[in-house]
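# Breakdown of the fold
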Amino acid sequence: LDLAATDYKGLYSFATCYNSEGAAELKGMMAAERDHLYVFNIKAIEKAVADGKTIKVGDSEVPVVDARGPDGEIVIRVPLPKSPHGVNVDPTGKYAVVSGKLSPTVSVIEIDKLADAFAGKIKPRDCVVAEPEVGLGPLHTAYDNKGNAYTSIFLDSVVTKWNIAKAIEAYSKKAKEPNAVIEKIDVHHQIGHINATMSETKE
């Protein structure tokens, strides 16, 4: 598991998995076309701890909930394009955006759909509501207050500005139009992390 984020309601924690193959060398780590976004159900984890359904690791006294088995009430794995990297929740709290790193796409997960996925009513992949192409080597995403996202693109050395609503509309129609990408801004070589304030200003 790599980078993590948590939704604003405290229901879920997300972590990107870039080596679902369990390989020990680079070629093996990139073999599968899809890896996963791990979604942890915080309330279910808290209940497991309270019920004593934990294990110990080494000499540590910290209780550990074992989530290495199949999908269930503790964790589900959302299949995503290979080697997902950054995961960032948008300001509305509705979506978690995951960058592909070895895919030119970012995946938009609708957080409200996750409860149905945990309940087995839908498949984890059904929580993906958009997957726009933003450039080669997407890593992290920041947001403005107008529904736009800004993703750092490592290989292309740009920041791609794209619109979340347009991306969802295009995905639902299984078409590339309307194009969610608004602009690509050239930046210094191999950009990584990106940040934007979520504070509001009063005029």
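Note: the structure precedes this text.
In what follows, the accompanying structure is described. (Residues numbered from 1 in each chain as written. Predicted model: local features only at pLDDT ≥ 70, side-chain atom pairs only at ≥ 80, totals over all residues. Heavy atoms only, no water.)

It is worth spelling out the nonpolar core at this point. If you look at the biggest cluster of nonpolar residues, it comprises 19 residues, and the most contacted ones within it are Phe14, Leu37, Val39, Ile109 and Leu114. Secondary structure elements with two or more residues in this core: β2 (12-17), β3 (34-41), β4 (75-81), β5 (87-89), β6 (95-99) and α3 (114-118). Residues in contact with valine 39, not counting those within four places in the same chain, are Tyr12, Ser13, Phe14, Ile74, Val75, Ile76, Val78, Leu114 and Phe118. In terms of nonpolar packing, the next biggest core, distinct from the first, is built from 17 residues, Ala149, Val158, Ile164 and Ala180 among them. (Core = buried A, V, L, I, M, F, W, Y, C linked by side-chain atoms within 4.5 Å. Buried < 20%, exposed > 50% of the residue type's maximum accessible area, 1.4 Å probe, protein only. Helix = DSSP H or I, 4+ residues; strand = E, 2+ residues; numbered from the N terminus. Contact = heavy atoms within 4.5 Å.)

Here we come to the sheet that holds β5. If you trace the four strands from one edge of the open sheet to the other, you get β5-β6-β7-β8, paired in antiparallel fashion. Of all the strands in the sheet, just β5 and β8 (128-130) have a single pairing partner and so form its edges. When the angles between neighbouring strand axes are averaged without regard to direction, this sheet yields 35°. Across two bridges, strand β7 (residues 106-110) lies against β8 in antiparallel orientation. In the sheet register, valine 108 faces β8, and the bridge partner there is alanine 130. Sitting on the sheet, helix α4 (residues 164-172) touches β6 and β8, and the angle it makes with β8 is about 105°. (Pairing = 2+ DSSP bridges. Axes fitted to C-alpha atoms, helices over the stretch in contact; angles between N-to-C directions.)

All right, on to α4 then. For the α-helix, the turn length of 3.6 residues means that residues three or four positions removed from each other point alike. When we look at burial in α4, the residues that qualify are Ile164, Ala167, Ile168 and Ala170. Buried residues of α4 fall within an arc of 165° about the axis and therefore sit on the same side. Of the exposed residues in α4, those oriented more than 90 degrees away from the buried face are Ala165 and Ser172. Contacts from the buried residues of α4 go to β6, β8, β9 (138-143), β10 (148-153) and β11 (158-163). Capping the start of α4, asparagine 163 holds a side-chain oxygen 3.1 Å from the backbone nitrogen of alanine 165, two or three residues further along. (Arc of directions from axis to C-beta. Polar contact = N/O pair within 3.5 Å; in protein donor to acceptor, adjacent residues only side chain to side chain.)

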